[in-house]
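Chain by chain, the residues run as shown.
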Amino acid sequence: TKGLVMAMDDALAAERRQRRALERLLRNCMKDRAQMEAMERRERDMAEEMAKLREKEASRERQREEELRVLHERLSEMKREVERLTPDVTDLQGVGGLLEAHGELMNDMEDETLRRSRILSDIKNHAQSLVQVSKRDDPRAFRDRERGRLVELTNGEILLRPYGVGEKASQVSESDLMHRDGTGPISLRLPA
C-alpha cells in the first residue's frame, strides 16, 4: 500500500504540476486576451480618429475649394474693372480736342472779362462825374432831362436812367455784369 500511496502521491503531484501549468497557461491566455481586447479597443479608437481626420480633411478641402472659387471670381471682376478703366486710344485723342476747345473758351472768357471791365469802368466814371457835378452845382440842375443818374433798386439792381424819366432807362444788374457765360454776349438792357 505504501507503493500505492506513493504512486498516488506521484500522480497527485503530477496532476498538481499539470494543473499549475494549465493555470499558468490560462493566466497567460487571459493576459493575451486582455491585451488583444485592449488592442482591438485601440484599433477602434484609431479607426474613429482616422475617420474624424478624414472628415476634417474633406471639410478643409471643400473650404479651400470654396475660397479658391471666390478668389477666382474676385480676380475675374478685377480684370473686368481694369479693362473698363483702361483708357482707349480714341478716348485720349478726344481729350486733346476737349483741351483745345477749353483753351479757346478760356480765351473767349478773358476777352469777355475785359469788355465787362470796360463797362464797369465806364459806369464808375459816370458815377464819379455825377458825384463831382452834384457837389459843385445846384441840386435843381440835376432835374435836367439831358443828364442821367444811377439808381439802385430795392432788388440791388443798378439802373442808369435819365433824370425824371423812369421809362427810358438802361438797366444793368450786378448778376448781368458778373455772369461768367463765356459763350454768350454781354447782357445789357437798353431803353425801351
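Model, not experiment: these values are computed from the prediction.

The rules behind these values
Along each chain, the written sequence defines residue order, and numbers are assigned to residues from 1. Local features in a predicted model are, by the rule used here, given only for residues with pLDDT of at least 70; side-chain atom pairs are given and counted only at 80 or more, and totals for whole chains, interfaces and linings are based on all residues. As a rule here, side-chain values come from all non-hydrogen atoms in the structure, and water together with hydrogens is ignored. Helix numbers and strand numbers start at the N terminus; a helix is a DSSP run of H or I with at least 4 residues, a strand a run of E with at least 2. Note on classification: 1.4 Å probe, protein chains only; a residue is buried when its accessible area is under 20% of the maximum for its type, exposed when over 50%, partly exposed between these limits. What makes two residues a contact is simply this: any of their non-hydrogen atoms within 4.5 Å. Using a 1.4 Å probe, the Shrake-Rupley method yields the accessible areas, and only the shown protein chains count as cover for residues. Surface patches are defined over residues having more than 30% relative accessible area and no salt bridge, joining like charges when they lie within 9 Å and nonpolar side chains (Val, Leu, Ile, Met, Phe, Trp, Tyr) when within 5 Å. When a carboxyl oxygen of Asp or Glu lies within 4 Å of a side-chain nitrogen of Lys or Arg, that pair is called a salt bridge. Counted as positive: Lys and Arg. Counted as negative: Asp and Glu. His and the chain ends are not counted at all. Every charge is mapped onto a representative atom, which is NZ of Lys, CZ of Arg, CG of Asp or CD of Glu. Confidence scores per residue from the predictor, reported as pLDDT, run from 0 to 100.

## Thoughts on the overall build of the protein chain
Move 1: When helices and strands are tallied, the protein chain shows three helices and three strands.
Move 2: Counted from the first residue to the last, the protein chain has its helices and strands arranged as α-α-β-β-β-α.
Move 3: Burial statistics for the protein chain: of 192 residues in total, 10% are counted as buried.
Move 4: Looking at the protein chain alone, contacts between residues at least 24 apart form 26% of all its contacts between residues at least 6 apart.
Move 5: Split by element, the accessible area of the protein chain, about 16700 Å² in all, is 55% carbon and sulfur.

## Considering a positive patch on the surface
Move 1: A cluster of basic residues, Arg 16, Arg 17, Arg 20, Arg 24, Arg 27 and Lys 31, forms a positive patch at the surface.
Move 2: You can see Lys 31 is positioned in helix 1 (residues 2-85).

## A few points about the confidence of the model for the protein chain
Move 1: Here the protein chain averages 79 in pLDDT, and 68% of its residues register 70 or above.
Move 2: Averaged pLDDT values for the elements of the protein chain fall to 52 in strand 3 (residues 170-172) and rise to 92 in helix 1.
Move 3: Confidence drops under a pLDDT of 50 for residues 164-170, and excluding neighbours within four residues, the segment shows 19 contacts in the predicted structure.

## Comments concerning a negative patch on the surface
Move 1: Judged by side-chain charge, Glu 100, Glu 104, Asp 108, Glu 110 and Asp 111 come together as a negatively charged surface patch.
Move 2: Of note, Glu 110 is situated in helix 2 (residues 89-136).

## Focus: the pattern of salt bridges
Move 1: Inspection of the entire model under this criterion finds nine salt bridges.
Move 2: Arg 62 is paired through a salt bridge with Glu 55; the nearest N and O atoms lie 3.6 Å apart.
Move 3: Judged by its relative accessible area of 48%, Glu 55 falls in the partly exposed class.
Move 4: Glu 73 is paired through a salt bridge with Arg 69; the nearest N and O atoms lie 2.3 Å apart. In this pair, Glu 73 and Arg 69 both sit in helix 1, four residues apart, roughly one turn of the helix.
Move 5: For Glu 73, a relative accessible area of 40% corresponds to the partly exposed category.
Move 6: Using a relative accessible area of 39% as the deciding quantity, one classes Arg 69 as partly exposed.
Move 7: Residues joined by salt bridges that share partners form a network here, namely Glu 66, Arg 69 and Glu 73.

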